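The lines below spell out each chain.
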Amino acid sequence: MSRLAFPFAVTALGRSATVAYGSDAHVRQMLELLVLTLPGERVMRPELGSPAQQLVFGPQSGPTAVALGAALQSTIQQWLGGVLTVRDVAVEVTDDSGAVEIVVTYEVRSSGSADEVRLRKDRV
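Residues numbered from 1 in each chain as written. Predicted model: local features only at pLDDT ≥ 70, side-chain atom pairs only at ≥ 80, totals over all residues. Heavy atoms only, no water.

Draft legend 1. Representation of the overall build of the chain. When helices and strands are counted, the chain shows 3 helices and 5 strands. The N-to-C order of helical and strand elements in the chain reads β-β-α-α-α-β-β-β. Looking at the 124 residues of the chain, the share that counts as buried comes to 33%. Intrachain contacts of the chain at a sequence separation of at least 6 include 36% that bridge at least 24 residues. Of the roughly 7400 Å² of accessible surface on the chain, a fraction of 55% belongs to carbon and sulfur atoms. (Helix = DSSP H or I, 4+ residues; strand = E, 2+ residues; numbered from the N terminus. Buried < 20%, exposed > 50% of the residue type's maximum accessible area, 1.4 Å probe, protein only. Contact = heavy atoms within 4.5 Å. Areas by Shrake-Rupley, 256 points an atom, 1.4 Å probe, with all protein chains shown as cover.)

Rendered as structure tokens:
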């Protein structure tokens, strides 16, 4: 069984790109989607999401980054704990530009492969 790829893309044949359900690529896409979704953004699942996007426009301090790391760890465990094991969540706020970088190191349960998702959001 396959799912639509995230982000949405079109193949060379003009069809929607897909990934195999439960594959390493699918787990990575689910993790990226979870981190980048704001709580309340999904109509049918208003509790799904993380506060990562809100941090970019909030206070830029060490305690905020630590709180976001803890919130992300909890959110990922709640929504994706059945498909991956979180090894580490690191949140860093750069002082010069105010950009937020989130690095999630994890292991896919079905394949045992380790991977890392690195997301960066700049202040606009």
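Draft legend 2. Structural detail: the pairing of strand S4 (residues 100-108). The pairing of strand S3 (residues 84-93) with S4 spans 9 bridges and is antiparallel. Looking at the pairing, Leu84 lines up with Val108 of S4. Between S4 and the antiparallel strand that follows it, strand S5 (residues 114-121), lie 5 residues; Gly112 among them carries a positive phi value of about 80°. (Pairing = 2+ DSSP bridges.)

Draft legend 3. Up close: the pattern of salt bridges. Under the defined criterion, the tally for this structure stands at 5 salt bridges. A salt bridge links Asp115 to Arg28, with the shortest nitrogen-to-oxygen separation between them at 3.2 Å. Residue Asp115 is located in strand S5, and its partner Arg28 is located in helix H1 (residues 24-36); the two are separated by 87 residues in the primary sequence. The class for Asp115 is partly exposed, based on a relative accessible area of 32%. Among the salt bridges present, the one from Glu107 reaches Arg87, with a minimum N-O distance of 2.7 Å. Residue Glu107 is found in strand S4, and its partner Arg87 is found in strand S3; the two are separated by 20 residues along the sequence. Through salt bridges with shared partners, one network takes in Arg28, Glu32 and Asp115. (Salt bridge = Lys/Arg side-chain N within 4 Å of Asp/Glu carboxyl O.)

Just distances and angles here, no functional claims.
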